[in-house]
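Listed here are the chains, written in short residue letters.
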Amino acid sequence: MSLRRRRLAVVFRLAIVISVLAGIVLTALGPATVTGLLPYFTIQSNVAVGLFAGYAAWRAWQELPEPPSALKGAVTLYITITGVVYHLVLANPASPFAMPQPDRALGEALGNQFLHTVVPLLAVADWALFDQRGRLRVRYAAWWLAFPLAYLGFALVRGLIVDRYPYPFIDAGQLGYDGVSLSAVLFAFAFWLLGLLFVGIDRGLSRRPGPRPTVPAARAGADDAVPGRTAGRR
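Residues numbered from 1 in each chain as written. Predicted model: local features only at pLDDT ≥ 70, side-chain atom pairs only at ≥ 80, totals over all residues. Heavy atoms only, no water.

Q: Sorry, what's going on with the overall build of the chain here?
A: Within the chain one finds 10 helices and 0 strands. Out of the 234 residues in the chain, the part that is buried amounts to 38%. A fraction of 73% describes how many contacts in the chain between residues 6 or more apart in sequence connect residues 24 or more apart. In the structure as shown, the chain presents an accessible area of about 13600 Å², 67% of it carried by carbon and sulfur atoms. (Helix = DSSP H or I, 4+ residues; strand = E, 2+ residues; numbered from the N terminus. Buried < 20%, exposed > 50% of the residue type's maximum accessible area, 1.4 Å probe, protein only. Contact = heavy atoms within 4.5 Å. Areas by Shrake-Rupley, 256 points an atom, 1.4 Å probe, with all protein chains shown as cover.)

Here you go:
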């Protein structure tokens, strides 16, 4: 990675870290507390991508190799899931799992947008612009499901204890465990397809041809104008 690209990568990654911190702090200024926010996949995925971005920024600043592409693909997928599920499922009035959107104060509304929109967009842009290409494998899309499935188990066990679930599509009290199982299978399949999309984009970008070296026209003309060089080629 060139010096200019390293500097740009550091700026991008610091922007991710700042956006994560701003999103959590501004959201916590509302009715929710930090401990009340922790059980949400949104917060966990934002914290993960923030920590990873800080680590990757430090490595770029130190001129060290980029972190493993499989790990970066995982955290990028998780924060993408956060953005996609929020906008298409939770905040979409047409969705069967839409959650009521309360009137938020300005700070809380900004925090909500940082966590669900700004951070996912910055993370995907960082992955597209600075990650090393051609290192993702199809099998990674299945491996990356480990964390969402672990989160599902955590949310269900926690729900048994506190009788409260963070998202309506995993609310065993309303859907029953059969309904949650069906919901989990559908979401897992969608997340697997999203992971495959990341792998496909990575492979497509790796095949993009680089610029071909060209001989400057002035030099080519100068060579042709030197009799000794012309004769030497014959």
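Q: Quick question: what am I supposed to make of the side chain of S45 here?
A: Here S45 is to be found in helix α3 (residues 41–61). When its relative accessible area of 1% is taken as the criterion, S45 is described as buried. Of note is the side chain of S45, whose polar atom sits 3.0 Å from the backbone oxygen of T42. If near-sequence neighbours (up to four positions away) are discounted, S45 is found in contact with Y78, I79 and T82. (Polar contact = N/O pair within 3.5 Å; in protein donor to acceptor, adjacent residues only side chain to side chain.)

Q: In this structure, what is going on with the environment of L64? I would like to understand it.
A: Within the fold, L64 resides in the loop between α3 and α4 (69–90). Taking the C-alpha atoms as reference, L64 lies 9.8 Å from M1; in sequence the two are 63 residues apart.

Q: Looking at this structure, I do not really get α3. What am I missing?
A: Because each turn of an α-helix spans 3.6 residues, side chains separated by three or four positions end up pointing in the same direction. Taking 1.5 Å per residue as the helical rise, α3 with its 21 residues ought to reach 30 Å, and the 30 Å between its terminal C-alpha atoms agrees with that figure. With its phi angle positive at about 60°, E63 sits one or two positions after the end of α3. (Expected span 1.5 Å × (residues − 1).)

Q: It is not clear to me how the nonpolar core should be interpreted in this structure. Could you clarify?
A: One broad rule of soluble globular proteins: the nonpolar side chains tend to lie buried together. I81, V85, W144 and F169 are the most contacted members of the largest nonpolar core, which totals 30 residues. Going through the elements one at a time, α4, α7 (146–162) and α8 (172–206) are the ones with two or more residues in this core. Once residues within four sequence positions are removed from consideration, W144 is found in contact with A70, G73, A74, L77, Y78, L136, G195, F198 and V199. Counting 11 residues, the second-largest nonpolar core is a separate cluster that includes I16, A53, L115 and V119. (Core = buried A, V, L, I, M, F, W, Y, C linked by side-chain atoms within 4.5 Å.)

Q: Would you take a moment to explain the environment of A53 for this structure?
A: Inspection of the secondary structure puts A53 in helix α3. As for A53 and A15, which are separated by 38 residues in sequence, their C-alpha atoms are 9.0 Å apart. Excluding residues that lie within four positions of it along the chain, A53 makes contacts with R13, I16 and V17.

Q: What is the right way to look at the packing of helix α1 (residues 3–28) against α3 in this model?
A: Two packed helices can be described by the angle between their axes and the distance between those axes. Axis separation between α1 and α3 bottoms out at 8 Å; the angle between their running directions is 150°. Here α1 lies roughly antiparallel to α3, going by the angle between them. Considering how the two elements wind past one another, α1 and α3 form a crossing that is left-handed. Here R6, V10, R13, I16, V17, V20 and I24 of α1 come into contact with α3, specifically with I43, N46, V47, V49, G50, A53, G54, A56, A57, A60 and W61. Considered class by class, the residues forming the contact of α1 with α3 number 13 nonpolar, 3 polar and 2 charged. (Axes fitted to C-alpha atoms, helices over the stretch in contact; angles between N-to-C directions. Parallel < 35°, antiparallel > 145°, perpendicular 65-115°, else oblique. Left-handed = near helix turned anticlockwise from the far one by under 90°. Nonpolar A, V, L, I, M, F, W, Y, C, P; charged D, E, K, R; others polar.)

Q: So what exactly am I meant to see when it comes to the pattern of salt bridges here?
A: Side chains that differ in charge, positive against negative, can pair when their charged atoms come close. The final tally for this structure, using the stated rule, is 6 salt bridges. The salt bridge partner of E63 is R6, with a shortest N-O separation of 3.3 Å. With E63 in the loop between α3 and α4 and R6 in helix α1, this residue pair connects regions lying 57 residues apart in the sequence. The exposure class of E63 is exposed, given its relative accessible area of 56%. Given the relative accessible area of 15%, R6 is considered buried. The shortest N-O distance in the salt bridge between E66 and R13 comes to 2.6 Å. Separated by 53 residues along the polypeptide, E66 in the loop between α3 and α4 and R13 in helix α1 bring together distant segments of the chain. (Salt bridge = Lys/Arg side-chain N within 4 Å of Asp/Glu carboxyl O.)

Q: Help me understand a nonpolar patch on the surface in this model?
A: Taken together, V157, L160, I161, V162 and Y177 make up a surface patch of nonpolar side chains, about 520 Å² in accessible area. Counting residues per element, the nonpolar patch draws most heavily on α7, which supplies 4 residues. (Patch = residues over 30% accessible without salt bridge, like charges linked within 9 Å, V, L, I, M, F, W, Y side chains within 5 Å.)

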